[in-house]
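Geometric and topological summary
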Amino acid sequence: MATATTTQPRTNVSLDSPVHIGTVSLRVRDLPGLTAFYRDAIGLSTISESAQESVLGAGGVPLVRLETGAQAPSSAAGLFHLALLLPSRTDLANWLGHAASRRLPLEGASDHLVSEALYLSDPEGNGIEIYRDRSRAEWPREPGGEIKMATDRLDLDALLREADGRDYAGMPAGTVMGHIHLRVGDVAGAEAFYRDKLGFEVMVHYPGAAFMATGGYHHHIAANIWHSRGAGPRRANEAGLSRFELVARDDAAYAALRERMLVAGGDEAGGAPEIADPWGNRIALRH
C-alpha cells in the first residue's frame, strides 16, 4: 500500500498562492463503488483503504477522501463540484480520450478563457470538474485589470488532437485540487465569510456567483445560488461534502489564517484549526 505524503511540489499556478485547496472529503453511501469510480473512471490512485474510508490521489498526494456514514440525502447547500487540475493540456486531452473510451457521460465542456474544463458527476451525484489552466500571462483582463472569465464552448475535437496516443495510465503526478465550488444560500453571505472573515479576495462575479482566491489565482473557492438560493445549514451526516482543506504555503500564511479562523468562531478541538461556513461546510487548515 502506498504511503501518503503531505509534501507537494509548488509548480502549479493554483498552488503558487498563500493558501490553496487540499483534500476534499465526501460522505458516501457506497464506499467500494465510489472508490472504484474515482480510481478507474476518474484515474486517481488509491493511497489507503479501509472499511470506513478510502483516500485517493495522484503522485502520492491525497486529493479525495471518501467516508462512510451518509445517513441523510444531500440538501440544497453543499458541494457544486470539486475540481481536479491537471498539469497540461495534453493531460486533459489524454483524460478526455480515456473518458470517451469508457463512455463516461460528460455534463459539460467549457472554455473559461483562463482554463479549459470538463464536467461530470460521480454515481452519487457529487460534481467533478477536470481542467487545465492557461498560464497567467494568457489570462485576459477587463479594462480595470480584473481577470476576465467566460463560459464558452470547448472544442473537444481540437482538444483530443493534443492527446499523446499512449494507453491511459491514470492522472499524473502534479495533479492537484485546483479549487472547490460550493452551493450556498446567498452570495453576499459567502463573500462576508470567505472574504471578510477568512481573507480571500473576490476575483470575478458571475450572475449568482462569486469566485474567490488568494495570490491572484482566478479562484480557489467559488460559491453560487443557481439551485440553492435561500438554502439554510446542512444537516449532520448528510451525503456529499464532509469537509475540505485549506493548505497554507508557509508558516506566516498558516498563522494569519489560523488567527482569522479562531476569531471567526473556529476551534482546534481536533488538533488543527477548523471552522464551518454559514451552511455547515466544514473547513480544516493545514500546512
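Residues numbered from 1 in each chain as written. Predicted model: local features only at pLDDT ≥ 70, side-chain atom pairs only at ≥ 80, totals over all residues. Heavy atoms only, no water.

1. So, helix H1 (residues 31-41)
Which entries qualify depends on this criterion: For the exposure calls, accessible area comes from a 1.4 Å probe over protein chains only, and a residue counts as buried if that area is under 20% of its type's maximum, exposed if over 50%, partly exposed in between. Helix and strand labels come from DSSP, where a helix needs a run of H or I of at least four residues and a strand needs a run of E of at least two; each type is numbered from the N terminus. Within 3.5 Å is the distance limit for a polar contact, defined as a pair of N or O atoms, with the added protein rule that one can donate a hydrogen and the other accept it, and that residues adjacent in sequence qualify only through two side-chain atoms.
Along H1, the residues classified as buried are Leu-31, Leu-34, Thr-35, Phe-37, Tyr-38 and Ala-41. The N-cap of H1, judged by a side-chain oxygen 3.0 Å from the amide nitrogen of Gly-33 a few residues on, is Asp-30. Residue Gly-43 follows H1 closely and has a positive phi angle near 100°.

2. Quick look at the sheet that holds strand S5 (residues 78-86)
Short version of the rule: By the convention used here, strands pair only if DSSP detects at least 2 bridges between them. Any two residues whose heavy atoms approach within 4.5 Å at even a single point are treated as in contact. The angle between two axes is taken between their N-to-C directions and runs from 0 to 180 degrees, where each axis is a line fitted to C-alpha atoms and a helix contributes only its stretch in contact.
Across the sheet, 9 strands lie side by side as S9-S6-S7-S8-S5-S10-S13-S12-S11; this open sheet has mixed pairing. This sheet does not close on itself; its edge strands, each paired only once, are strand S9 (152-153) and strand S11 (201-206). When S5 meets strand S8 (residues 127-133), the two strands line up parallel, connected through 5 bridges. Its bridge partner being in S8, Leu-84 is matched across the sheet by Ile-130. Helix H2 (residues 89-101) rests against S5, strand S7 (115-121) and S8 of the sheet, and its axis sits at about 25° to S7. Across the face of the sheet, helix H4 (residues 187-197) comes into contact with strand S10 (176-183), S11, strand S12 (209-213) and strand S13 (221-224) while running at roughly 10° to S12.

3. Digging into the pairing of S12
Where burial is concerned, most of S12 is hidden: 5 out of the 5 residues are buried. Alternating residues of S12 divide into Ala-209, Phe-211 and Ala-213 and Ala-210 and Met-212, and every residue in both groups is buried. The antiparallel hairpin formed by S11 and S12 contains 2 residues in its connecting segment, where Gly-208 sits at a positive phi of about 80°. Summarising the sheet, S12 and S13 pair through 4 bridges and their orientation is antiparallel. Looking across to S13, one finds that Phe-211 is bridged to Ala-222.

4. Looking at unusual backbone geometry
Most peptide bonds take the trans configuration, and most residues that are not glycine carry a negative phi. For Arg-103, which is not glycine, the phi torsion reads 55° and is therefore positive. Looking at the element boundaries, Arg-103 is found in the loop between H2 and strand S6 (108-111). Overall, Arg-103 belongs to the exposed group, its relative accessible area being 76%. One non-glycine residue, Leu-113, lies in the positive phi region at around 75°. Within the element layout of this structure, Leu-113 appears in the loop between S6 and S7.

5. Some details on the environment of Ala-192
Along the polypeptide, Ala-192 turns up in helix H4. Remark: the alpha-carbon pair of Ala-192 and Pro-278, spanning 86 residues in sequence, is separated by 9.8 Å.

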